[in-house]
Amino acid sequence: MDKILSKKKYIAFFVGPAFVVYLFFGLIPILYNLYISLFKTNLLGDSTFVGLKNYIRLFQDQFFLQAVVNNLKFVAGSYIAHMVLALLLSNILFQKVKGSKLFQSIYFMPSVICGTAIGMLWTFVYHPDFGLVNSFLKAIGLDSLTHIWLADEKTVIPALIVVTMWQFVGYHMVIQLAGMKNIDSSLYEAASIDGASKWQQFTKITFPLMKPILKIDSVLIVTGSLKLYDLIAVTTSGGPNHASEVISTYMFTQGFNALKFGYSSSIATALLLLCIGATVIINFVFRTKKIDY
C-alpha cells in the first residue's frame, strides 16, 4: 500500500474523480455565486455591475440582521441541547446497557427521515387545536399551558429547536459513542482498580480523549444550524413577523420570490463566511495537546 501511495499517478487515479466532482459541484458554484453577488440582476434581463453595494446593503437590511440573530439563537440552543443530550445518551449506552443496540437504532432513526417530512409531522404535533402537545396538556389538566407554539414570536424558535433536537440528537450520539468505543478499555480498568467513580472516569478519561471527536461534532452542529432551511420553510416560512427567519430562508425569498439574485448571492456569501468563521473558532477552542496515559 505504501508503495502504491508513493506514486503520484496512483494518487491522482484515486483522488481525481472526487476532485472533479468537488470542482464542478462545489468550487465552481461558489465562485459563480461570488461573481453574481457583484451584480444587480434577476438572471433574466440585463445585469448591472454594483461592486460591493450588495454587501453594504446587508448591514442596512433589518430583516437580514434579524435573520442573523435568529440563526445565532438556533446555533446556541441547538448546540447546548444536542451536545449535552448526545453526551449523556452516548455515555449511558457506553456502559453496556442491555438492549443498547436497539436504543441506538431508535435514537438514530429520526436523522434519516427527510427534513420536509419532519417539518410536516411537527406542524401537526404543534397544531393549536388538535396537536399532540396541546392535547396532552389538556389530558393532564394543564389547559392553561396550551399555546400556539409556532405562531408566537416568543415560542417559535424554542419549539423548532426541540424539533431539531428530536431529529439529530441520535445522530450526534452515534458519532460520540463511536469515539468512546475507540478509547483503550485498559484505561477504565486501571481507573476502576484505583477506585475512580464513573463520573471521575468520564471527566478524566472519556472527555479529554473525546475532544477531537467533539470538535468534529461541534462543527457539524454549528454549521448545520447556520444552514437550517427545510424545517423552517415547511413549518413557519420564517414567520410569524420574521421571528423564525434565518439566513437561508431569507436568501431563498430574495432570490426566488423577489428575483434579486445578486443580493441573494451576497447573502449566500455571508452564510459561507459565517460557517468558515464558526469552524475556525471551534478549531481554536478545541485545540488540544496529545494526551498520554
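Numbering of residues begins from 1 in every chain and follows the order in which that chain's sequence is written. In keeping with the predicted nature of the model, local features appear solely for residues at pLDDT of at least 70, side-chain atom pairs appear and are counted solely at 80 or more, and the whole-chain, interface and lining totals rest on all residues. The side-chain values count all of the structure's non-hydrogen atoms but skip hydrogen atoms and water molecules.

**Overview of the overall build of the protein chain**
Here's step 1: Strands here are runs of E lasting at least two residues and helices are runs of H or I lasting at least four, both read from the DSSP assignment and numbered beginning at the N terminus. Helices and strands together make up the secondary structure of the protein chain, namely 13 helices and 2 strands.
Here's step 2: Seen along its three principal axes, the alpha-carbon backbone of the protein chain occupies a region of about 75 × 70 × 30 Å.
Here's step 3: The rule is simple: take the accessible area with a 1.4 Å probe, protein chains only, and divide by the maximum for that residue type; under 20% is buried, over 50% is exposed, in between is partly exposed. Per-residue burial over the protein chain gives 38% buried out of 293 residues.
Here's step 4: Whether two residues are in contact is decided by their heavy atoms, any of which lying within 4.5 Å being enough. Once local pairs closer than 6 in sequence are excluded, the contacts in the protein chain between residues at least 24 apart make up 68%.
Here's step 5: Within the structure as shown, the protein chain displays about 17,600 Å² of accessible surface, and the carbon and sulfur contribution to it stands at 69%.
Here's step 6: Charge counting follows a simple rule: Lys and Arg are positive, Asp and Glu are negative, and His as well as the terminal groups are ignored. Where a charge lies is defined by one atom per residue type: Lys uses NZ, Arg uses CZ, Asp uses CG and Glu uses CD. Of the charged side chains in the protein chain, 23 are positive and 14 negative, and the gap between their average positions amounts to 10 Å. All accessibility values rest on the Shrake-Rupley procedure with a 1.4 Å probe; residue burial counts only the protein chains present in the view.

**Digging into the UniProt feature "domain: ABC transmembrane type-1" (unreviewed entry) in the protein chain**
Here's step 1: According to UniProt, the "domain: ABC transmembrane type-1" (unreviewed entry) feature falls on residues 68-282.
Here's step 2: With 73% helix and 0% strand, residues 68-282 has its two end C-alpha atoms placed 19 Å apart. UniProt positions are given in the numbering used here, feature names are shortened, and annotations may be inferred rather than shown by experiment.

**Let's talk about the UniProt feature "transmembrane region" (unreviewed entry) in the protein chain**
Here's step 1: Mapped onto the present numbering, the UniProt feature "transmembrane region" (unreviewed entry) falls on residues 12-35, 74-94, 106-125, 157-178 and 261-286.
Here's step 2: Across residues 12-35, helical content stands at 100% and strand content at 0%; the span's end C-alpha atoms are separated by 30 Å.
Here's step 3: Along residues 157-178 the backbone is 100% helical and 0% strand, and the end-to-end C-alpha distance reaches 31 Å.

**With respect to the packing of aromatic side chains**
Here's step 1: Centres within 6.5 Å are what make two rings of Phe, Tyr or Trp a pair, Trp counting through its six-membered ring; a difference in plane orientation under 30 degrees is then read as stacked, over 60 as edge-to-face, and the rest as tilted. Counting across every chain of the model gives 14 aromatic pairs.
Here's step 2: What links up through ring pairs into an aromatic cluster is the set Tyr32, Tyr35, Phe39 and Phe49.
Here's step 3: For a Lys NZ or an Arg CZ to count as sitting over a ring, it must be within 6 Å of the ring centre and within 35 degrees of the ring normal. Arginine 57 extends its terminal NZ or CZ atom over the ring of tyrosine 263, reaching a point 3.9 Å from the ring centre.
Here's step 4: The cationic tip of arginine 287 hangs over the ring face of phenylalanine 284; the distance from NZ or CZ to the ring centre is 4.0 Å.

**Digging into the nonpolar core**
Here's step 1: For this analysis, a nonpolar core means a set of buried residues of the types Ala, Val, Leu, Ile, Met, Phe, Trp, Tyr and Cys, connected via side-chain atoms within 4.5 Å. Core analysis: the largest hydrophobic core is formed by 36 residues, its most contacted members being Leu58, Phe64, Leu226 and Ile267.
Here's step 2: Among the elements of the structure, helix H3 (53-58), helix H4 (62-94), helix H8 (156-181), helix H9 (185-193), helix H10 (198-226), helix H12 (247-257) and helix H13 (261-285) are those that each provide at least two residues to this core.
Here's step 3: Here this core takes 9 residues from H4, the largest share from any one element.
Here's step 4: Setting aside chain neighbours within four positions, we find leucine 226 in contact with Asn71, Val75, Leu271, Leu274, Cys275 and Ala278.
Here's step 5: Grouped together as the second largest cluster of nonpolar side chains are 19 residues, Ile118, Leu137, Leu228 and Ile232 included.

**What to know about the packing of H8 against H10**
Each pair of packed helices gets described by two things: the angle between the helix axes and the distance between those axes.
Here's step 1: Packing of H8 against H10 leaves a shortest axis separation of 9 Å and a crossing angle of 140 degrees. Taken together, the axes of H8 and H10 are oblique relative to one another. Viewed along their axes, H8 and H10 form a crossing whose handedness is right-handed. Contacts between H8 and H10 pair Tyr171, His172, Ile175, Gln176, Gly179 and Met180 from the former with Phe202, Thr206, Met210, Ile213, Leu214, Asp217, Leu220 and Ile221 from the latter.
Here's step 2: Of the residues assigned to the contact of H8 with H10, the class counts are 9 nonpolar, 4 polar and 1 charged. Note on method: axes are straight lines fitted to C-alpha atoms, helices fitted across the in-contact stretch only, with angles between N-to-C directions ranging 0 to 180 degrees. Angle categories are assigned with fixed cut-offs, so that under 35 degrees is roughly parallel, over 145 is roughly antiparallel, 65 to 115 is roughly perpendicular, and the rest are oblique. Crossings are classed by handedness, with left-handed meaning an anticlockwise turn of the near helix from the far one by less than a right angle and right-handed meaning a clockwise turn. The nonpolar class holds Ala, Val, Leu, Ile, Met, Phe, Trp, Tyr, Cys and Pro. Asp, Glu, Lys and Arg form the charged class, and all remaining residues, Gly among them, are polar.

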